Each structure stands twice: as structure tokens, then as C-alpha cells.
Amino acid sequence: MATAQPGDTVEIDFVGRFEDGEVFDSSEERGPITFTIGGEAVIEGLQNIVKGMEPGETKAEEVPPEHAYGHRRSDMVKEIERAHLPDDMDPEVGVALRLRLDNGRRVKAFVSKMTEDTVTIDANHPLAGQTLTFEVTLNAILDEEPVGEAE
């Protein structure tokens, strides 16, 4: 039986858990996910789990931060004066913002703390710094293009 290899498009079901066992994400509600091994659609650690699996196989592995969402970086947390915010902005802790960096790149950030005078913005991924466990079932290795009959 074929095993999943880099370049293959695969369909999986998964459950993602924190170290304490709490589920943070699962395909149970929304259905299986499809991605190409070696692409950028899912984290490296999840792709590494799937490599070498056969359809129907289930495997659980721990994924350290460097193969998941990276380590938390203090340089991605900024405290700004409320006076520098647009007048129509009324931030709340937990709200997601799209920020434009000096180089023109856009990043997603979250309001992580507020005081009367300041707002703290955190551009780290919410799962940065976490060791995660994924239980993965490889449902299928999908063909990129249907194979036609030779003429």
C-alpha cells in the first residue's frame, strides 16, 4: 500500500490537544482537511506526522513549538498609547486587528492587555510557545489530476 510522501495531497481527520489534554482544534465539527505535504497550508509538525502513513492509519505525536507555531517572541508584543489609535477604534482584550508594518506587510495581532492610557498588541500566533499533540487519521492520498486513458 502507498504511503504519504512530500508532494502528495492528503485528506486527514485530526484532534489537536494542549499538553494538559484540552482540545484546541478538531476536524470532528467541520470535516476532514486536505493539504499537500510540503506546502504551507498546515504546520510542519502536522505534515511530519502524516509522512509515511498509510490510508486508514491513525497516529498521535507531540509537536514542539519550533515545528508548530514557533516560540513566543517579545519583539512581537508592543504597548502603544491610546492617543495614537484612530478615534473610531474602541479596542477590547482578545479582539483581532490587521496591522500594516513599515515594510507594507500585513499581520494579524490581538489586543492582549489594556490600561486607561495604553493598549498592548501581540502579533504572536495564539498557539506560539505551545507543545501540541495531534492525533491524526490519514483518510486518503488523493490524486492531483485524474489519470486518463492512453490514446
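The structure displayed is predicted, hence computed values, not measured ones.

(A) Focus on the pattern of salt bridges. For the structure shown, the criterion picks out 4 salt bridges. Across the pair D25 and R30 runs a salt bridge, and its minimum N-O distance is 3.0 Å. Look at R30 and you get exposed, because its relative accessible area is 52%.

(B) Structural view of a positive patch on the surface. Together, R98, R100, R106 and K108 line one region of the surface with positive charge. Of all elements in the fold, only strand 6 (96-100) and strand 7 (106-114) reach the threshold of two or more residues within the positive patch. With respect to the secondary-structure elements, R98 resides in strand 6. The exposure class assigned to R98 is exposed, which follows from its relative accessible area of 53%.

(C) The arrangement of the layout of surface pockets in detail. Quantified by volume, the largest pocket comes out at close to 450 Å³. The wall of the largest pocket is formed by 18 residues, among which L99, L101, V107, I121 and A123 lie closest to the centre. For the lining of the largest pocket, the secondary structure elements donating two or more residues are strand 5 (77-81), strand 6, strand 7 and strand 8 (118-122). For the lining of the largest pocket, the element with the highest residue contribution is strand 6, accounting for 3 residues. Class assignment of the residues belonging to the lining of the largest pocket gives a composition of 11 nonpolar, no polar and 7 charged. Counted by class, the lining of the second largest pocket contains 10 nonpolar, no polar and 2 charged residues.

The rules behind these values
Residues numbered from 1 in each chain as written. Predicted model: local features only at pLDDT ≥ 70, side-chain atom pairs only at ≥ 80, totals over all residues. Heavy atoms only, no water. Salt bridge = Lys/Arg side-chain N within 4 Å of Asp/Glu carboxyl O. Buried < 20%, exposed > 50% of the residue type's maximum accessible area, 1.4 Å probe, protein only. Patch = residues over 30% accessible without salt bridge, like charges linked within 9 Å, V, L, I, M, F, W, Y side chains within 5 Å. Areas by Shrake-Rupley, 256 points an atom, 1.4 Å probe, with all protein chains shown as cover. Lys, Arg positive; Asp, Glu negative; His and termini not counted. Charge placed at Lys NZ, Arg CZ, Asp CG, Glu CD. Helix = DSSP H or I, 4+ residues; strand = E, 2+ residues; numbered from the N terminus. 1 Å grid on protein atoms, 1.4 Å probe; cavity = no way out; pocket = protein on both sides within 12 Å on 5 of 7 lines; lining within 4 Å. Points joined across faces, edges and corners; volume = space filled by probe spheres on them. Nonpolar A, V, L, I, M, F, W, Y, C, P; charged D, E, K, R; others polar.

It is worth stressing that arrangement in space is one thing and function is another; only the former is reported here.
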